[in-house]
Amino acid sequence: MGKQRLLLALILGLAIGAIVIISTIPTRLGLDLRGGTQLTLQVETTDKIPTITDQDLEAVQRVISDRVNELGVSETSVQQLGQNQLLVQLPGVSNPEQAQRVLGETAQLEFRAQSPGTEQQFQIENQILQQHQLELLALQQQADVDSQTLLESATNSDDATDSDAELEQQIQSVQSAIQESNRAIRDLFADADLTGQALTDAYAQPRQSGNLWEVAIAFDSSGAGKFAELSRNIAGTGRSLGIFLDNRLISAPTVDVQYAETGITGGRATISGSFDADSASDLAIQLRGGALPLPVAVVETRTVGPTLGQDSIRRSLYAAIVGLILVLIFMAVYYRLPGVLADVALVVYALLTLAAFNVFGVTLTLPGIAGFILSIGMAVDANVLIFERTREELRSGKTLYRSVESGFYRAFSSILDSNVTTLIACAALFWFGAGLVKGFALTLAIGVVISLFTAVTCSRTLLLVSLGLPQFRKPALFCPGLSPAPAKP
Amino acid sequence: MKLDIIRQRSFWWLISSLVILAGLIGMIISWQQFSAPLRPGLDFVGGTRIQVTRDCSAANCDAPIDLATVRSLLADEDLETAVIQVTGDEGQSLSIRTRNLDVDEESTLRASLESEIGPLDNRSIQIDSVGPLIGQQLFASGLLALIVAFAGIVIYLSVRFQLDYALLAIVALLHDVVVTLGLFAWLGLLLEVEVNSLFIVALLTIVGFSVNDTVVIYDRIRENIKLHPERHINDLVDDGVNQTLTRSINTTLTTVLPLVAIVLFGGETLKFFALALIAGFIAGAYSSIFIASTLLAWWRVKSGKAVAGLTEVPQPAEELP
């Protein structure tokens, strides 16, 4: 019995832990539930680049991420999808026109020379830009806090609308101020007729001394000449060579005075500064992305308005709760005492599963909710198997305690085999399926694993502990209509 | 209640054959109409669907949205082939499905809708724009997942049970998938229900659950064979099915209950998803009880293994109990 008590304490502890997790870590909602736009971008091949490598896709992803950040939407994400696609998520955006325009363009990388006499203005403009970027960050954090309360406000959604719109307007204006700054900075630099097309490579490498890193770049033959000229013009002047990606300054190195005669020749150069390994490779990826002349096409756009999403949450929540209650009632009425205990196990199951979603950062979408509701059915199945088996044993004349034990023991191979086959199917869906299918497979798999624990260990412990209490030790509580009590418990 | 399934098996097989046949006929008719076995939704054929609701705090909502106005507006944009539906309780919502629109076309359409029928509520808008290749990718990846899942299940069941169990479980599973496909072929023909990517998710789920059901019954039959290797497979299968019958019914009931809740109260998008699952699960319970079990008995008799004790252990010395 001591072991059962211990398990009981463990289950209680897990349930309390789950409640704490559910109330502290917010559930991540998919765009179909919170509203927003999801775009699928396809990176297309060209005659020059017939296949897209992982590196190419990573570089394009970096460029797209920069553009998405420019949109001023909070909590965006850009993920790789298969070999040549990117999935962009823009929460809260219900008019994707701007995004569709901006994202579906080929990257533009330019090398420009700072014009003489603009040193001071360059500094000022840079400060203004940084100021704006900090403002934007603060506004976005505020928006994040607002959106986290979305689930709670799903029932009275109109209150939040006004402050939301105000915030959105503020973000918009800071956004355009940033674009203004970027344009102003670009105007300080003169065109040098050198673009990303001439760039053949860019990679991060450690510097020969110290533990700093640098970025090495290489140009093709036509680019090498232009780069030599460009670098000669600004060498030793203190003015910068501006590298612009999609009209935004990403690096502004100066050129050492020793190159004032010839410029940097040979088509190779390194950009050094206070780079660590991460920031150096980040710049290298940006440069590579800008050098790729890969067209990007928007192949899929899905927009869900925020009220529509809230409506789906509300309805699905109602459905889930009603479904769960029906199942609980059925179990208690049909299986009596074990049914009630299984209900307790089922509630523990629901808590643990929801907590697991939050801990693993599972994004809950409509199919995900469906997967969860469905896994409740699976969790019940294990208990149904066990209790049916227990009844059979009781009918064959075994004692109550033995019947319960062998009910669990004998049903276990069925439960194991049926759950493992479901997990195999989930694994296949997760690895090969597309977005929707993946989310569904993940929630179902988490549910199945947790249900193995709650339906077997949890309900078994509860049953055995109750059997320790004399008032529960009645076979009629387990199997109504059992012909004359076969043996003393 | 005790089912005599082995003796009645031609009857159960006939029912399944008729249902599948009806489904296949539905799919053939669909094929002639849509060049696909089911009515394909936006996800599979590509296109743009715009669903908007008029903002009644700013617009005049006394009358429902006028279909003719919208139709002439679409004709001006060269979109005569668009499918237009006025929806919602008061006819204040509009659903337009067209070929795949690019950014400019889409924003022009939105602008002219706003000017003709009044301001639209940005918060309840839904736009889906799907390129023609997305559907193929979805279908291909779904099919691949399905084949891998089949292979995995066959391997696992061959190890835990035997190869014939594994293959017959797959037959039962295909039965459930085909029944669900048939139902939706007819729903597409009669009620214009389209299948979308969620339908693929539903089919894959049915696969998982159908095997689950079958495995539980096979597990019981396997146990019975072990306990009574001298008895005929027909009796053992009959016993196994009857011993697990209450469980099969109760589990199907508890799984279908929440799904019924979704059909009744859930959002529009999930309704047909849940309906597909209900159909698949009921077919799954049926096929596990009546098809998978009888097929196993039939196969064992046919391959001369009707009594396990005589064939599995060839040496008579080890056969003694």
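Predicted model, so just to flag it, every value in this text is computed and none were measured.

Scanning chain B from N- to C-terminus turns up 12 helices and 4 strands. With the C-alpha coordinates of chain B rotated into their principal frame, the extents come out at 90 × 35 × 30 Å. Within chain B, residue pairs in contact and separated by at least 24 positions form 78% of the contacts whose partners lie at least 6 positions apart.

Further remarks concern the sheet that holds strand 11 (residues 268–275) of chain A. All names here are of chain A. Strand order across the open sheet formed by 3 strands is 7-8-11, with antiparallel pairing between neighbours. Taken across any chain shown, the strands that pair with only one partner, and hence form the sheet edges, are strand 7 (199–206) and strand 11. Neighbour-to-neighbour, the strand axes of the sheet open up by a mean angle of 20°, direction not taken into account. Taken together, the 7 bridges between strand 7 and strand 8 (residues 213–219) define a ladder with antiparallel strand orientation. By the bridge assignment, Gln 205 is partnered in strand 8 with Glu 214. Packed onto the sheet, helix 8 (residues 277–291) meets strand 7, strand 8 and strand 11 and runs at close to 175° relative to strand 7.

A separate point is the interface of chain A and chain B. Contact with chain A, which involves 60 residues of that partner, is made by 56 residues of chain B. Of all the elements, helix 9 (residues 306–360) of chain A adds the most residues to the side of chain A that touches chain B, at 17 residues. Residues belonging to the side of chain A that touches chain B are distributed by class as follows: 33 nonpolar, 18 polar and 9 charged.

With that settled, the discussion passes to unusual backbone geometry. All names here are of chain A. Residues other than glycine seldom take positive phi values, yet Asn 247 does so here, at roughly 70°. Counting through the fold element by element, Asn 247 comes out in the loop between strand 9 (241–245) and strand 10 (248–251). We classify Asn 247 as partly exposed; it has 13 C-beta atoms within 10 Å. The phi angle at Arg 336 is positive, at roughly 55°, despite the residue not being glycine. On the basis of neighbour counts, which here come to 17 C-beta atoms within 10 Å, the residue Arg 336 falls in the partly exposed class.

Paired through their backbone hydrogen bonds, the strands of a sheet run either parallel or antiparallel. A sheet is described by the order of its strands in space; here 8 strands give the open sequence 3(A)-4(A)-2(A)-12(A)-4(B)-1(B)-3(B)-2(B), paired in antiparallel fashion. Each end of this open sheet is capped by a strand with a single partner; those strands are strand 3 (77–81) of chain A together with strand 2 (83–87) of chain B. Across the sheet, the mean angle separating the axes of adjacent strands is 15° when strand polarity is ignored. Sheet topology note: the strand 2 (residues 36–43) of chain A/strand 12 (residues 296–304) of chain A ladder contains 8 bridges and is antiparallel. Note on strand 12 of chain A: the bridge partner recorded for Gln42(A) is Ala297(A). Its contacts with the sheet put helix 5 (residues 132–160) of chain B on strand 2 and strand 12 of chain A together with strand 4 (126–130) of chain B, and the angle it makes with strand 12 of chain A is roughly 80°.

Right, let's talk about the nonpolar core for a bit. Core analysis: the biggest nonpolar cluster contains 203 residues, and Val60(A), Leu429(A), Ala149(B), Ala169(B), Phe184(B) and Leu204(B) have the highest contact counts within it. Looking at this core element by element, the count peaks at 20 residues for helix 10 (residues 268–302) of chain B. Phe184(B) has contacts with Leu38(B), Val193(B), Val195(B), Phe199(B) and Ala276(B), leaving out every residue within four places of it along the chain. Residues Leu94(B), Leu101(B), Leu109(B) and Leu113(B) belong to the second largest nonpolar core, which totals 13 residues.

Take the domain arrangement of chain B next. Taken domain by domain, chain B holds domain 1 (9–39 + 133–319) and domain 2 (47–130). The straight-line distance from the C-alpha centre of domain 1 of chain B to that of domain 2 of chain B is 43 Å.

What follows concerns the environment of Arg247(B). Position of Arg247(B) relative to the elements: it lies in helix 9 (residues 245–265). With 22 C-beta atoms packed within 10 Å, Arg247(B) lands in the buried category. Arg247(B) sits 31 residues away from Val216(B) along the chain, and the two C-alpha atoms are 9.3 Å apart. Not counting residues up to four positions away in its chain, the partners in contact with Arg247(B) are Val384(A), Leu385(A), Glu388(A) and Val216(B).

Any two packed helices are characterised by how steeply their axes cross, that is the angle between the axes, and by the distance between the axes. Residues and elements named next belong to chain B. Remark: helix 1 (residues 9–34) packs on helix 10, axes separated minimally by 10 Å, with the N-to-C direction vectors making an angle of 120°. As the angle between them shows, helix 1 and helix 10 are arranged oblique. As helix 1 packs across helix 10, the resulting crossing turns out to be left-handed. Where helix 1 abuts helix 10, its residues Arg 9, Trp 12 and Ser 16 lie against Phe 290, Ile 291 and Thr 294. In terms of residue class, the contact of helix 1 with helix 10 is made up of 3 nonpolar, 2 polar and 1 charged.

Residues and elements named next belong to chain A. As paired elements, strand 9 and strand 10 share 3 bridges and run antiparallel to each other. Within strand 10, the position partnered with Leu 245 by the bridge is Arg 248. The hairpin formed by strand 9 and strand 10 contains 2 residues between the paired strands, and Asp 246 there has a positive phi angle of roughly 50°.

Right, let's talk about the environment of Gln205(A) for a bit. Residue and element names in this part refer to chain A. Within the secondary structure, Gln 205 sits in strand 7. The spacing of Gln 205 and Ile 49 is 156 residues in sequence and 25 Å in space, taken between C-alpha atoms. In contact with Gln 205, other than residues within four places in its own chain, are Trp 213, Glu 214 and Ala 216.

The pLDDT averaged across chain B works out to 84; a share of 95% of its residues lies at or above 70. For residues 311–321 of chain B, every residue scores under 50 in pLDDT, and the model assigns this stretch 5 contacts once sequence neighbours within four places are set aside.

What follows concerns the packing of helix 3 (residues 67–76) of chain B against helix 4 (residues 103–117) of chain B. Residues and elements named next belong to chain B. It is at 11 Å that the axes of helix 3 and helix 4 come closest, and there the two elements cross at 145°. For the element pair helix 3 and helix 4, the recorded crossing hand is right-handed. Contact with helix 3, carried on its side by Thr 69, Val 70 and Leu 73, involves Ser 112, Leu 113, Glu 116 and Ile 117 of helix 4 and no other residues of that element. Class assignment of the residues belonging to the contact of helix 3 with helix 4 gives a composition of 4 nonpolar, 2 polar and 1 charged.

Residues and elements named next belong to chain A. Averaged over all residues, the pLDDT of chain A equals 81, while 93% of them reach at least 70. Per-element confidence in chain A ranges from a low mean pLDDT of 76 for helix 6 (residues 158–187) to a high of 88 for strand 8. Confidence drops under a pLDDT of 50 for residues 150–160, and excluding neighbours within four residues, the segment shows 12 contacts in the predicted structure. A low-confidence stretch, residues 484–489 (pLDDT under 50), is modelled with 8 contacts involving residues beyond four sequence positions or located in other chains.

Calculation rules
- Residues numbered from 1 in each chain as written.
- Chains lettered and ligands numbered in written order.
- Predicted model: local features only at pLDDT ≥ 70, side-chain atom pairs only at ≥ 80, totals over all residues.
- Helix = DSSP H or I, 4+ residues; strand = E, 2+ residues; numbered from the N terminus.
- Contact = placed C-beta atoms within 7 Å.
- Pairing = 2+ DSSP bridges.
- Axes fitted to C-alpha atoms, helices over the stretch in contact; angles between N-to-C directions.
- Nonpolar A, V, L, I, M, F, W, Y, C, P; charged D, E, K, R; others polar.
- Buried ≥ 20, exposed ≤ 12 C-beta atoms within 10 Å, placed from the backbone.
- Core = buried A, V, L, I, M, F, W, Y, C linked by C-beta atoms within 7 Å.
- Domains from an automatic or database assignment.
- Parallel < 35°, antiparallel > 145°, perpendicular 65-115°, else oblique.
- Left-handed = near helix turned anticlockwise from the far one by under 90°.
- pLDDT = per-residue confidence, 0-100.

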